[in-house]
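Analysis of the macromolecular model
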Amino acid sequence: RMGKLEEELKGARTQAEDADKKYDEVSKRLQQVEGDLERAEERAEVGEIKIVELEEELRVVANNLKSLEVSEEKANQRERDYKEQIKTLSAKLKQAEARAEFSERSVLKLQTEVDRLEDELVAEQEKFKAITEELEQTFAEMSGY
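In what follows, the accompanying structure is described. Predicted, not measured: the structure shown is a model, and the values here were computed from it.

Conventions adopted
Residues numbered from 1 in each chain as written. Predicted model: local features only at pLDDT ≥ 70, side-chain atom pairs only at ≥ 80, totals over all residues. Heavy atoms only, no water. Helix = DSSP H or I, 4+ residues; strand = E, 2+ residues; numbered from the N terminus. Buried < 20%, exposed > 50% of the residue type's maximum accessible area, 1.4 Å probe, protein only. Areas by Shrake-Rupley, 256 points an atom, 1.4 Å probe, with all protein chains shown as cover. Lys, Arg positive; Asp, Glu negative; His and termini not counted. Charge placed at Lys NZ, Arg CZ, Asp CG, Glu CD. Salt bridge = Lys/Arg side-chain N within 4 Å of Asp/Glu carboxyl O. Polar contact = N/O pair within 3.5 Å; in protein donor to acceptor, adjacent residues only side chain to side chain. Patch = residues over 30% accessible without salt bridge, like charges linked within 9 Å, V, L, I, M, F, W, Y side chains within 5 Å.

**Details of the overall build of the protein chain**
Looking only at helices and strands, the protein chain features one helix and zero strands. In terms of its C-alpha atoms, the protein chain occupies a principal-axis envelope of roughly 205 × 20 × 15 Å. Taken across its 145 residues, the protein chain has 0% of its residues classed as buried. If you sum the accessible surface of the protein chain, you get close to 14000 Å²; carbon and sulfur atoms cover 57% of it. Distance between charge centres in the protein chain, computed from 26 positive and 39 negative side chains, equals 11 Å.

**Digging into the pattern of salt bridges**
Tallied over the full model, the rule gives eight salt bridges. A salt bridge links E113 to R116; the nearest nitrogen and oxygen atoms lie 2.6 Å apart. Taken together, the residues span about one helical turn, with E113 and R116 both in helix α1 (residues 2–144) at a distance of three residues. Relative accessible area serves as the criterion here: at 41%, R116 is assigned to the partly exposed category. Between E124 and K127 there is a salt bridge, and its shortest N-O distance comes to 3.5 Å.

**Details of the environment of E113**
On the accessibility criterion, E113 (35% relative accessible area) is partly exposed. Within the structure, E113 has its side chain in polar contact with the side chain of R116 (distance 2.6 Å).

**Thoughts on a negative patch on the surface**
Among the surface-exposed residues, E34, E38, E41, E42, E45 and E48 lie close enough to one another that they form a single negatively charged patch. The topology assignment puts E48 in helix α1.

**Brief notes about a nonpolar patch on the surface**
On the surface, a nonpolar cluster with roughly 450 Å² of combined accessible area is contributed by I131, L135, F139 and M142. Residue placement: F139 occurs in helix α1.

Right, here's the structure in full:
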């Protein structure tokens, strides 16, 4: 009976030693897992901070994009307005050039007419002078007799 109890005691000690070893292993594993958890939580906090920063940066970029879109639309509108002004001014320029050309032709015709009339006037003045001289001579001859 004593041998059996000693045998059971020996088995219980072995079992207790095995349990102690398992406890130590589990304890070490727990410490390791707790360390891993702590590091993972730190990384998660850093990640969350980064997410907040990136979300803010995304808002800024989105606002900048909206501003650029508005600026682009305004620039496109100005471009359309300028093209319309250029079209209008080009049409006015063509009209003005046509009027100027017509006016130049009219001035040339009128100048030619003025030159012709001046020549005619000079010829008529010479005729008048000749007639006047002839009349004066005739009156002088009549008075002289």
